[in-house]
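Tertiary structure, described
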Amino acid sequence: MTGTPAAAAHITIDGQALEVPEGTPLLQAAATLGIEIPTLCYHPNLTPNAICRLCVVEPSRGRTLIPACAVGCFDGLQVSTDSPRVQRA
Ligand code: FES
């Protein structure tokens, strides 16, 4: 028996809309759009620990930058990977 498929999350990265299964790592969603987010501490075979903060992106809502390696996509998520704030970080 198979599990229930994940709900769809409609997200926007750098103005590009994308639909992914909810919980898809943001880093992976960005890669499907050809957007490369730099990483240092991330490894696909390890649990993300978000220590280096090299992969931070700026969400449209919220005050803090979020690590793309440790955040799962949810419906309505909108982020920028190259805003001035991200560049400074
Ligand atoms: S790659 Fe280090 S916090 Fe994301």
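Here, every reference points to the structure presented above.
First, a word on what this report is: a plain description of the structure on this page. (Residues numbered from 1 in each chain as written. Predicted model: local features only at pLDDT ≥ 70, side-chain atom pairs only at ≥ 80, totals over all residues.)

As for the pairing of strand β1 (residues 8–13)
Rules: Any two strands are treated as partners once DSSP identifies two or more bridges connecting them. Secondary structure elements follow DSSP: runs of H or I of four or more residues count as helices, runs of E of two or more count as strands, with numbering from the N terminus.
Inspection of the sheet shows β1 paired to strand β2 (residues 16–21) by 6 bridges, in the antiparallel sense. What sits directly across from A8, in β2, is P21. The loop that links β1 with its antiparallel partner β2 comprises 2 residues; one of these, D14, has a positive phi angle of about 50 degrees. Bridge count between β1 and strand β5 (residues 78–80): 2 bridges; the pairing is parallel. Opposite I13, over in β5, you have V79 as the bridge partner.

Concerning unusual backbone geometry
Condition: Here a residue counts as buried when 20 or more other C-beta atoms sit within 10 Å of its C-beta, as exposed when there are 12 or fewer, and as partly exposed otherwise, the C-beta atoms being derived from the backbone.
A positive phi angle is found at A50, which is not glycine, with a value near 50 degrees. Tracing the sequence through the fold places A50 in the loop between α1 (26–32) and β3 (56–59). Overall, the presence of 16 C-beta atoms within 10 Å leaves A50 in the partly exposed class.

Comments concerning the sheet that holds β3
Spatial strand order, β2-β1-β5-β3-β4: 5 strands in an open sheet with mixed pairing. Lying at the two open borders of the sheet, with one neighbouring strand each, are β2 and β4 (66–67). As judged from the 2 bridges shared by β3 and β5, these two strands associate in the antiparallel manner. Following the sheet pairing, E58 is matched in β5 by S80.

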